[in-house]
Amino acid sequence: MKHTVRTIAEMANVSPATVSRVLSGTGSVAPEKREKILKILKQLGPDAPGSRAAARTGGKIGLLLLPGSESDPRVLMNKLHVIASKLPGKWDLLLLSPEIQPRELESRYFHGELAGLLLVGHDSGSVGTVLEHIPHVWLNSYRTHDGEPSVLMGNDFAGRIAARYLIGKQICHPVCLDIPSCNPGFPARLEGFRFEYFNRMPEADCKTSQLVLPQGEMLENCSDSALESALESALPELTGADGIFSPEDRLTAFLYRVFLKNRKKLPTVISCNRTPEYLAGLYPRPASIDLGAQTGAELGLEELFRRISGGVSRSDDVAVIAAPRLVNGE
């Protein structure tokens, strides 16, 4: 049975005008009435007003770039390429403005203009208040609307692979680089690295170098000069290491630059994220952990279609999984 605005209003014990305002995202509605209406719409699924049933055979997937999106645009482009190439016929990818209002996003979904969302970024921002009503999948680690981290599986394992690589080279005084970042996957990589060293080589002197950026800046938005300055300040403790784990390739490129500039001998380095453009020209080229951005994007798209069709959803943490692998250097 296809329900109308009027039948929804009767079920929620509100006026049809109130239901219309919720569906259109315009006008003010008391929070308790709005939540009641949204709950009914969610229960009705394809029988709710609008053309959402058509989303099973075709429609638009929204791509929303949220605050703290990938620090490396090349990684993002790799994900987009996979998504665009894997979209079935009659489906389109719609790039949404990061300034879109939550109510407008919700309204587009209920009117059938969007079948679901792919989210890129590390902070749900204001749209976190409406995501529970819209099929969606995150393509990276992120923080929820309440600030809680949700880390993609595989980040911890990436750090463990890095540790195994250095342990295999008999590195006894490793340092892992820590830096303020929007990406909650970074701490997981470092924790995996430290755990593996503690577990496999407990006698090793494994340290963490906390890089300091200007107040309020993160790796994703800091200038090249700020990043270089942070590494310059940490140089004394870095030169005492025989191995370094860098959780991101841009950071690795500046690590090389600082060592070369100061004519210091570079320890064995292993990087993470596998962005060849950043590692090109570095000598000796460091080993790097490829997190499998393309595989993750493909899995994310598959999971989104599962959610759109009403299939049993996996949790956000395992909808997309980083598939790390070691790429040896020189």
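Before any of the text, the structure's been laid out above.
Residues numbered from 1 in each chain as written. Predicted model: local features only at pLDDT ≥ 70, side-chain atom pairs only at ≥ 80, totals over all residues. Heavy atoms only, no water.

Draft legend 1. Focus on the overall build of the protein chain. A tally of helices and strands in the protein chain yields twelve helices and twelve strands. Within the protein chain, contacts between residues at least 6 apart in sequence are counted, and of these 70% link residues at least 24 apart. Element-wise, carbon and sulfur atoms account for 52% of the exposed surface of the protein chain, whose accessible area totals about 15400 Å². (Helix = DSSP H or I, 4+ residues; strand = E, 2+ residues; numbered from the N terminus. Contact = heavy atoms within 4.5 Å. Areas by Shrake-Rupley, 256 points an atom, 1.4 Å probe, with all protein chains shown as cover.)

Draft legend 2. Geometry of the packing of aromatic side chains. As enumerated under the stated definition, the model contains five aromatic pairs in all. Ring geometry for W91 and F305: centres 4.8 Å apart, planes at 80°, overall edge-to-face. Taken together, the residues W91 in strand β2 (residues 91-96) and F305 in helix α11 (residues 293-308) connect sequence positions 214 residues apart. The exposure class of W91 is buried, given its relative accessible area of 9%. For the pair Y109 and F110, a centre-to-centre distance of 5.4 Å together with 50° between the ring planes defines the contact as tilted. The pair Y109 / F110 is uniform in exposure class, with both members buried. Within the aromatic cluster, the residues linked to one another by ring pairs are F193, Y197 and F245. (Phe/Tyr/Trp six-rings, centres within 6.5 Å; stacked < 30°, edge-to-face > 60°. Buried < 20%, exposed > 50% of the residue type's maximum accessible area, 1.4 Å probe, protein only.)

Draft legend 3. Broad picture of unusual backbone geometry. Residues Y283 and P284 are joined by a peptide bond in cis, for which omega reads -5°. With respect to the element layout, P284 can be found in the loop between α10 (276-279) and β11 (287-290). Here Q170, not a glycine, exhibits a phi torsion of approximately 60°, which is positive. Tracing the backbone shows Q170 in the loop between α6 (155-168) and β7 (174-178). A positive phi angle, near 55°, is found at R263, a position not held by glycine.

Draft legend 4. How the structure looks around the sheet that holds strand β12 (residues 325-327). Pairing is mixed in the open sheet, where six strands are placed in the order β8-β7-β9-β10-β11-β12. Unpaired on one side and paired on the other, β8 (207-210) and β12 mark the two borders of the sheet. When the angles between neighbouring strand axes are averaged without regard to direction, this sheet yields 25°. For β7 and β8, the ladder comprises four bridges, and the chain directions are parallel. Residue D178 lies in a different strand from β8, and its bridge partner there is Q210. (Pairing = 2+ DSSP bridges. Axes fitted to C-alpha atoms, helices over the stretch in contact; angles between N-to-C directions.)

Draft legend 5. View of the nonpolar core. One finds I8, I37, L64, L105, L117 and L119 to be the most contacted residues of the largest nonpolar core, which totals 28 residues. Only α1 (5-12), α2 (16-24), α3 (31-44), α5 (102-110) and β3 (116-120) provide two or more residues apiece to this core. A total of five residues in this core trace back to one element, the largest contributor, which is α3. The residues contacting I37, other than those within four sequence positions of it, are I8, A12, V14, T18, V19 and V22. Core analysis: the second largest hydrophobic core is formed by 26 residues, L235, L255, Y256 and L282 among them. (Core = buried A, V, L, I, M, F, W, Y, C linked by side-chain atoms within 4.5 Å.)

Draft legend 6. Local environment of the side chain of H133. Looking at where H133 falls in the secondary structure, it is placed in the loop between β3 and β4 (136-138). Taking relative accessible area as the criterion, H133 reaches 10% and is therefore assigned buried. If we ignore the near neighbours within four places in the chain, the residues touching H133 are E35, L38, E106, Y109 and F110.

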